[in-house]
Amino acid sequence: MPGKVADFLRAADLQPAERATLDQGVTVRRSQGYTLRVTAVPAIHCWLLDGSPGTSAVPAQRKARREYENRVSTLAGATP
């Protein structure tokens, strides 16, 4: 997940399972930002996506959310 989404979720009020998933993620530096690699089933990614910033976010957060949403939808579509 993009770092901007991860930062937003860390500041949000999450359930213990969601918080544990974020805490287990691995940070990978990407030029000016970072990506948080989270190993979880697609349902957890969908759950995290539901809690990520929506239309009220700044443009960079909206773009990061769209990218994460595209990745999750591809992942969810690939599973049987």
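Up top is the structure.
In this text, all values refer to a predicted model and were calculated from it rather than measured experimentally.

## Let's talk about the overall build of the chain
Part 1: Counting its secondary structure elements, the chain contains four helices and two strands.
Part 2: Residue pairs at least 24 apart in sequence account for 54% of intrachain contacts in the chain once pairs closer than 6 positions are excluded.
Part 3: Of the roughly 5,200 Å² that the chain leaves accessible, carbon and sulfur atoms contribute 53%.

## Examining helix α1 (residues 3-11)
Part 1: Listed as buried for α1 are Gly3, Val5, Ala6 and Leu9. In a view along the axis of α1, the buried residues occupy a sector of 155 degrees, so they form one face of it.

## Description of the environment of Glu67
Part 1: Assignment of secondary structure puts Glu67 in helix α4 (residues 59-78).
Part 2: Residues Glu67 and Pro2 lie 65 residues apart in sequence; the distance between their C-alpha atoms is 7.8 Å.

## Observations concerning the packing of helix α2 (residues 16-23) against helix α3 (residues 42-51)
Part 1: Remark: α2 packs on α3, axes separated minimally by 11 Å, with the N-to-C direction vectors making an angle of 105 degrees. It follows from the interaxial angle that α2 and α3 lie roughly perpendicular. For the pair formed by α2 and α3, the contact residues are Ala17, Glu18 and Thr21 on the first element and Ile44, Trp47 and Leu48 on the second.

## A short note on α2
Within an α-helix, residues lying three or four positions from one another point in the same direction, as the helix has 3.6 residues per turn.
Part 1: Every buried residue of α2 is accounted for by Glu18, Thr21 and Leu22. Angularly, the buried residues of α2 cover 95 degrees about the axis, an arc narrow enough to put them on a single face. Those residues of α2 that are exposed and aimed more than 90 degrees away from the buried face are Pro16 and Asp23.
Part 2: Those residues of α2 that are buried lie in contact with α1, β2 (33-37) and α3.

## Considerations on the nonpolar core
Part 1: Met1, Val5, Leu9, Leu22, Leu36 and Tyr68 are the most contacted members of the largest nonpolar core, which has 14 residues in total.
Part 2: Elements supplying a minimum of two residues to this core: α1, β2, α3 and α4.
Part 3: Apart from the residues within four sequence positions on either side, Val5 is in contact with Ser52, Ala64, Arg65 and Tyr68.

The rules behind the values
Residues numbered from 1 in each chain as written. Predicted model: local features only at pLDDT ≥ 70, side-chain atom pairs only at ≥ 80, totals over all residues. Heavy atoms only, no water. Helix = DSSP H or I, 4+ residues; strand = E, 2+ residues; numbered from the N terminus. Contact = heavy atoms within 4.5 Å. Areas by Shrake-Rupley, 256 points an atom, 1.4 Å probe, with all protein chains shown as cover. Buried < 20%, exposed > 50% of the residue type's maximum accessible area, 1.4 Å probe, protein only. Arc of directions from axis to C-beta. Axes fitted to C-alpha atoms, helices over the stretch in contact; angles between N-to-C directions. Parallel < 35°, antiparallel > 145°, perpendicular 65-115°, else oblique. Core = buried A, V, L, I, M, F, W, Y, C linked by side-chain atoms within 4.5 Å.

These figures capture arrangement, not role.
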